[in-house]
Amino acid sequence: MKIFCVGLNYKEHIIEMKHNAFPENPVIFMKPPTALLKNGQPFYYPDFSKEVHYEGEIVLRVCKNGKKIDKKFAHKYYDAFTLGFDFTARDIQAVQKKNGWPWEIAKGFDGSAFIGDFVPFEKDKEIAFTIKKNNEIVQEGDTSMLIFSFDEIISYISQFFTLQQGDLIYTGTPKGVGPVQIGDKLEGIIDNKTIVTCEIK
Ligand code: MG
């Protein structure tokens, strides 16, 4: 099982991160399978960071194997989605970025890929989601705001990596990312239904 993530896929998030250009292609990075945490499991604040951020994202589940997938067939390769948190050690990421070093230690550490319960896809239905921290809305996103669509992401990733059934794809975060502290509670909501809850311990 592989975990792919798309960076910089919402315009307003690119602006809040002070990037000066929008990407021409999806920005792809990966997390190892040991990063995965599922709904109901606690996220333990790592001791190597003083600035862990949540990034609420729609996460796709790949349902069949494929490589070099044409965009027009890409919809056949995912069948379910959920909301998840791409936890990021922002202080470490800043050092890595400044030096042009890889992101993995800031983005792929244990527990950094939190996922909720999967929901089957309804064809052509827009997905709108809300992220709450301690019961206050901090992020809102929907599929119309994506720079690269799910189909474009699937097609692009599969030019480089064979997609396999069970792989997960974090599709990017809208504006409103921010720090978490021990004791915080994050929730992800779609259609008034909470599909992910994460407590920071
Ligand atoms: Mg992210």
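Before any of the text, the structure's been laid out above.
Residues numbered from 1 in each chain as written. Predicted model: local features only at pLDDT ≥ 70, side-chain atom pairs only at ≥ 80, totals over all residues. Heavy atoms only, no water.

Brief notes about the coordination of the magnesium ion
Coordination of the magnesium ion by the protein involves E55 (OE), E57 (OE) and D86 (OD), with metal-donor separations of 2.0 to 2.1 Å. Mapping the donors of the magnesium ion onto the primary sequence yields the spacing E-x1-E-x28-D. One end of the pair, E57, is in strand β5 (residues 56–62); the other, D86, is in strand β6 (residues 78–86), and 29 residues separate them in sequence. Judged by relative accessible area, E57 falls into the buried class, the value being 0%. (Donors = N, O, S within 2.8 Å, 3.2 Å for Na, K, Ca; no water. Helix = DSSP H or I, 4+ residues; strand = E, 2+ residues; numbered from the N terminus. Buried < 20%, exposed > 50% of the residue type's maximum accessible area, 1.4 Å probe, protein only.)

A short note on the environment of Q96
Relative to the assigned elements, Q96 resides in helix α2 (residues 90–99). We classify Q96 as buried; its relative accessible area is 9%. Taking the C-alpha atoms as reference points, Q96 and A106, separated by ten residues in sequence, lie 8.1 Å from one another. Ignoring any residue separated from it by four or fewer positions in sequence, one finds Q96 in contact with W101, P102, W103 and I105. (Contact = heavy atoms within 4.5 Å.)

A short note on the nonpolar core
F85, F87 and I169 are the most contacted members of the largest nonpolar core, which has 41 residues in total. Broken down by secondary-structure element, the contributors of at least two residues to this core are β1 (3–7), β4 (52–54), β5, β6, β10 (128–133), α4 (150–160), β14 (185–190) and β15 (193–199). Residues V59, A113, I115 and Y170 belong to the second largest nonpolar core, which totals nine residues. (Core = buried A, V, L, I, M, F, W, Y, C linked by side-chain atoms within 4.5 Å.)

Digging into the pattern of salt bridges
In a structure, side chains of opposite charge can pair up when their charged atoms sit close to one another. By the definition in use, this model includes ten salt bridges. D86 is paired through a salt bridge with K31; the nearest N and O atoms lie 2.7 Å apart. Taken as a pair, D86 in strand β6 and K31 in strand β2 (residues 27–31) lie far apart in primary sequence, 55 residues in all. For K31, a relative accessible area of 3% gives the class buried. A network of salt bridges, in which partner residues are shared, links K31, E55, D86, R90 and K107. (Salt bridge = Lys/Arg side-chain N within 4 Å of Asp/Glu carboxyl O.)

Details of α2
Buried within α2 we find R90, I92, Q93 and Q96. Looking straight down α2, one finds that the buried residues subtend no more than 150 degrees of arc, so they occupy a single side. Among the structural elements, β4, β7 (88–89) and α3 (104–107) are those in contact with the buried residues of α2. (Arc of directions from axis to C-beta.)

What about the side chain of T88?
Relative to the helices and strands, T88 resides in strand β7. Here T88 falls in the buried class, since its relative accessible area comes to 0%. At 2.9 Å, the side chain of T88 forms a polar contact with the side chain of K107. Setting aside chain neighbours within four positions, we find T88 in contact with E51, V52, H53, E55, Q93, A106, K107 and F109. (Polar contact = N/O pair within 3.5 Å; in protein donor to acceptor, adjacent residues only side chain to side chain.)

Overview of the environment of P174
The topology assignment puts P174 in the loop between β12 (168–170) and β13 (178–179). By relative accessible area, which is 1% here, P174 ends up buried. For P174 and F118, which are 56 residues apart along the polypeptide, the C-alpha to C-alpha distance reads 20 Å. When near neighbours in sequence (up to four residues on either side) are disregarded, P174 contacts Y10, H13, E16, G56, F129, Q139, E140 and G141.

Points about the pairing of strand β11 (residues 136–142)
Direction of pairing for β10 relative to β11: antiparallel, over a ladder of six bridges. Considered in β11, the bridge of A128 is made with D142. (Pairing = 2+ DSSP bridges.)

Topic: the sheet that holds β14
The strand order β11-β10-β14-β15 describes an open sheet built from four strands, whose pairing is antiparallel. Each edge of the sheet is formed by a strand with only one pairing partner; in this case those strands are β11 and β15. Pairwise comparison of adjacent strand axes, ignoring direction, gives a mean angle of 20 degrees for this sheet. Sheet analysis places β14 next to β15, joined by six bridges and oriented antiparallel. Residue pairing for β15: I189 is matched across the bridge by T194. (Axes fitted to C-alpha atoms, helices over the stretch in contact; angles between N-to-C directions.)

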